[in-house]
Amino acid sequence: MLSLLSLLSCNGWTPAGEHIMTLWGENLDPSAVWSEYPRPQLERSEWKNLNGMWDYEIISSKDSVRKGKILVPFCLESALSGVGERLAPGEKLHYSRSFSVPRSWKGNNVVLNFGAVDCVCKVSVNGIEVGGHEGGFTPFSIDITSAIKAGKNTLEVFVEDEVRDSFWGVGKQVRDPKSIWYTSVSGIWQTVWMEPVPQNGITSLKITPCVDESCIYLKVNTPQTCPMVVEVCDGDKLLSSVEANTNDDVALRIESPKLWSPESPFLYNIRVITATDDVSSYAALRKISVTEPDEYGYKRLALNNKKVFLMAPLDQGWWPDGLLTPPSEEAMVFDLVETKALGFNSIRKHIKVEPDRWYYACDRLGIVVWQDMPAGDMDLRKGYWTGRYEWIDEDARPRCEESMACYRKEWKEIIDALYNHPCICIWVPFNEGWGQSNTVEISHWTADYDPSRIVNPCSGGNFVKGMGGHILDMHHYPEPKVILTDKNFVNVLGEYGGIGMSVPGHKWQEDKDGNKNESWGYTSTEDIAQNTKLYVEYAQMLLNMVPQGYSSGVYTQTTDVELEINGLYTYDRKVLKMDKEAVRKANEALTTVFDK
């Protein structure tokens, strides 16, 4: 057991009903874990949380079985799941639990919802297969009405996860963690829940802000078109009430609009009422765009038609005890609150899709998000990244058509799932060539599919001639450096920094016998004073690059992750490794550079 996880040793798993101490310092009650409503942008008053203790089995190709109890929604490999095992190649994971449907739901359809399951799953209720899903980062729903019965029901989930031996996105998961690659994640890792939905109930909302028209465009989807009323509120104050039909585009005009920004993250409350359904949501008036060339001859990003310098940490969203799943919402929001307190106005969500409530928190706090596609279909032995910052004629290593079909399906699902969140301003289809293929097609498709946002087609190089999008994104470690600029794009430094600092007692692995282990950073310092000094120096270098065309920066990274010790915080979030006020001032000099 890794030293940092010793207090969560799975050998002494806490039984259901007792509290579990997380590394972050919280007490978790297994009967009430992740109890917040999972989908804030389409919320119903009635729902039932299915997180908690489930039965599990690991079935190998030789039919041998390992079984026990697992705490959902924590993945099999995590300490908080109570299992802490990795699936071997060819092994499958089987979940089961019982549930009952409240009598008050009679007359409605019963819909079962999953936040995310890694990676391919089938779902059965009372022995009847009701649906499934492929891809480990997107939510899915299954109508289980025809399979349920009065009283006790049995729910089963069958999971396969081949990690890097499939075409699906995996992000940074590997079976043998090392360097920048982390522990694999298998099975359910976000909330499981069910809700009653009327037979002609609302299935989805599509919310698109238009700042220039002081308008929010709304589409309410139902199986059959029906009349509806849409209410728009400022807090509890009703601003307007619009009568329209579902499945039509509706324009919600806002008088004296309040715009969303990091300085003022204002959200309008929305309620949609039909004859049978009643859901609540929210929206914001926010515009992200590209300016004409400025006095230096370069295009810049603009938020609400005002030039903006986005300063972000690279946020990978990993936790020592939950891996991809934060121990709780409180722990998850801590990272975001601290990010703003350090003077950042944005986050690059790196190679991961978070639970929906993470984006809800960014919406409320006013944090601009760059959203990466989790990389997949990667052969680490051959590598994808050319290491060149120049225009190339074609992709370095194209994927086969079956692989690209998986990519297209998953990328579209991610955009659809996150579309309504105003915090998301930049889509990032590829990072450093990992799984990069069909770049021209994907970059143009992304920009056409969501013209309300900015596309950063190739973060970190492999710029293919003819590609679409808006951003040219370079990476350079450790210090910021002018590498390449192109006046047809917005130029950004999408990764830099990675200053490593070891904090004994707060590492994924401690040094043994006084010898340093594999923990690392792109450069290293000995203490908080040195760490802060180097961070401030790098921030000044980046500031000096603004006249040379650079318009945003991403510092690596929010926290340490496994063997990487280059975080602003230690992996357990116990130690801030820099002086907060000095970092905040350095960051704010960047985020306000276009105000001067």
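All values reported here derive from a predicted model rather than from experimental measurement.

Asks: Please provide a residue-by-residue account of the overall build of the chain, values included.
Replies: Along the backbone of the chain there are six helices and 40 strands. A globule of 596 residues ought to have a C-alpha radius of gyration of about 25 Å, and the chain, at 24 Å, matches this closely. Taken over the C-alpha atoms alone, the chain extends approximately 70 × 65 × 45 Å along its principal axes. Partitioning the intrachain contacts of the chain with sequence separation of at least 6 by distance along the chain shows that 67% fall at a separation of at least 24. Summed over its atoms, the accessible surface of the chain is roughly 22,800 Å², and 49% of this surface lies on carbon and sulfur atoms. With 60 positive and 82 negative side-chain charges, the chain shows a separation of 0 Å between the mean positions of the two kinds.

Asks: How would you explain the environment of Cys406 if you had to name every residue and give the values?
Replies: For Cys406, the location among the structural elements is in helix H3 (residues 401-418). Once residues lying within four places of it in the same chain are set aside, the contact partners of Cys406 are Phe167 and Trp168.

Asks: Which residues make up the packing of helix H1 (residues 329-341) against helix H2 (residues 356-365), and what values do they have?
Replies: Two packed helices can be described by the angle between their axes and the distance between those axes. The N-to-C vectors of H1 and H2 enclose an angle of 35°; their axes lie 10 Å apart at closest approach. Seen along the crossing, H1 lies across H2 with a hand that is right-handed. Taken together, the residues of H2 that come into contact with H1 (itself represented by Glu329, Met332, Val333, Leu336, Val337 and Lys340) are Arg357, Trp358, Ala361, Cys362, Arg364 and Leu365. A breakdown of the residues in the contact of H1 with H2 according to their chemical character gives eight nonpolar, no polar and four charged.

Asks: Which residues make up the pattern of salt bridges, and what values do they have?
Replies: The tally for this structure, following the rule as stated, stands at 36 salt bridges. Between Asp595 and Lys306 there is a salt bridge; the shortest N-O distance is 3.7 Å. Here Lys306 lies in strand E26 (residues 306-307) and Asp595 lies in the segment after helix H6 (580-591), a separation of 289 residues in the sequence. For Asp595, a relative accessible area of 46% puts it in the partly exposed group. We note a salt bridge from Arg573 to Asp335, for which the minimum N-O separation is 2.8 Å. With Arg573 in the loop between strand E40 (550-556) and H6 and Asp335 in helix H1, this pair connects stretches of sequence that are 238 residues apart. This pair shows no difference in class: Arg573 is buried, exactly as Asp335 is. Because the salt bridges share partners, they merge into one network encompassing Arg39, Arg44, Glu195 and Asp277.

Asks: Could you give me a rundown of the pairing of strand E22 (residues 268-274), with the residues and numbers involved?
Replies: Only one face of E22 is covered, namely the face carrying Tyr268, Ile270, Val272 and Thr274; the face carrying Asn269, Arg271 and Ile273 is uncovered. The pairing of E22 with strand E23 (residues 278-283) spans six bridges and is antiparallel. What sits directly across from Arg271, in E23, is Ser280. Between E22 and E23, which pair antiparallel one after the other, the connecting turn spans three residues.

Asks: Talk me through the sheet that holds strand E17 (residues 204-210); I want residue IDs and the actual numbers.
Replies: Strand order in the open sheet made by the three strands is E17-E18-E21, with antiparallel pairing throughout. If you trace the sheet from one side to the other, it starts and ends with E17 and strand E21 (249-253), each paired once. Ignoring strand direction, the axes of neighbouring strands in this sheet form an average angle of 25°. Pairing between E17 and strand E18 (residues 215-221): seven bridges, direction antiparallel. Across the sheet, Pro209 pairs through a bridge with Ile216, a residue of E18.

Asks: Tell me about the side chain of Thr559, and name the residues and values.
Replies: Mapped onto the fold, Thr559 is located in the loop between E40 and H6. On the basis of relative accessibility, which here comes to 6%, the residue Thr559 falls in the buried class. Look past the residues within four positions of Thr559 in its chain and what remains in contact with it is Asp335, Gly567, Leu568, Tyr569, Thr570, Tyr571 and Arg573.

Asks: Just give me the short version of the packing of aromatic side chains, but keep the residues and values in it.
Replies: Going through the model one piece at a time under the given rule, you end up with 23 aromatic pairs. Taken together, a centroid distance of 5.3 Å and an interplanar angle of 80° make the contact between Tyr37 and Trp47 edge-to-face. Taken together, the positions of Tyr37 in the loop between strand E2 (27-28) and strand E3 (48-49) and Trp47 in the loop between E2 and E3 put the pair ten residues apart, joining distant regions of the chain. Relative accessible area serves as the criterion here: at 24%, Trp47 is assigned to the partly exposed category. When the ring of Trp411 is compared with that of Trp427, the centres are 5.8 Å apart and the planes differ by 85°; the resulting orientation is edge-to-face. Of the two residues, Trp411 is situated in helix H3 and Trp427 in strand E31 (residues 424-428); the sequence distance between them amounts to 16 residues. Note on Trp427: relative accessible area 0%, which makes it buried. Site record: aromatic cluster; members linked through ring pairs are Tyr37, Trp47 and Trp193. Across the ring face of Tyr360, the terminal group of Arg364 is positioned such that the distance to the ring centre comes to 4.5 Å.

Asks: Explain the sheet that holds strand E37 (residues 490-497) residue by residue, including any values.
Replies: Taken in spatial order, the eight strands make up an open sheet running E33-E31-E29-E28-E27-E40-E37-E36, and their pairing is parallel. With partners counted over all chains shown, the strands left at the sheet margins are strand E33 (454-455) and strand E36 (471-475), one partner each. In terms of strand pairing, E37 meets E40 through four bridges, oriented parallel. Within E40, the residue paired with Tyr496 across the bridge is Tyr555. Sheet strands touched by H2: strand E28 (346-349), strand E29 (368-372) and E31. Its angle to E29, the strand with the most contacts, is close to 150°.

Cut-offs applied
- Residues numbered from 1 in each chain as written.
- Predicted model: local features only at pLDDT ≥ 70, side-chain atom pairs only at ≥ 80, totals over all residues.
- Heavy atoms only, no water.
- Helix = DSSP H or I, 4+ residues; strand = E, 2+ residues; numbered from the N terminus.
- Rg over C-alpha atoms; globule rule 2.2 N^0.38 Å.
- Contact = heavy atoms within 4.5 Å.
- Areas by Shrake-Rupley, 256 points an atom, 1.4 Å probe, with all protein chains shown as cover.
- Lys, Arg positive; Asp, Glu negative; His and termini not counted.
- Charge placed at Lys NZ, Arg CZ, Asp CG, Glu CD.
- Axes fitted to C-alpha atoms, helices over the stretch in contact; angles between N-to-C directions.
- Left-handed = near helix turned anticlockwise from the far one by under 90°.
- Nonpolar A, V, L, I, M, F, W, Y, C, P; charged D, E, K, R; others polar.
- Salt bridge = Lys/Arg side-chain N within 4 Å of Asp/Glu carboxyl O.
- Buried < 20%, exposed > 50% of the residue type's maximum accessible area, 1.4 Å probe, protein only.
- Pairing = 2+ DSSP bridges.
- Phe/Tyr/Trp six-rings, centres within 6.5 Å; stacked < 30°, edge-to-face > 60°.
- Lys NZ or Arg CZ within 6 Å of the ring centre and 35° of its normal.

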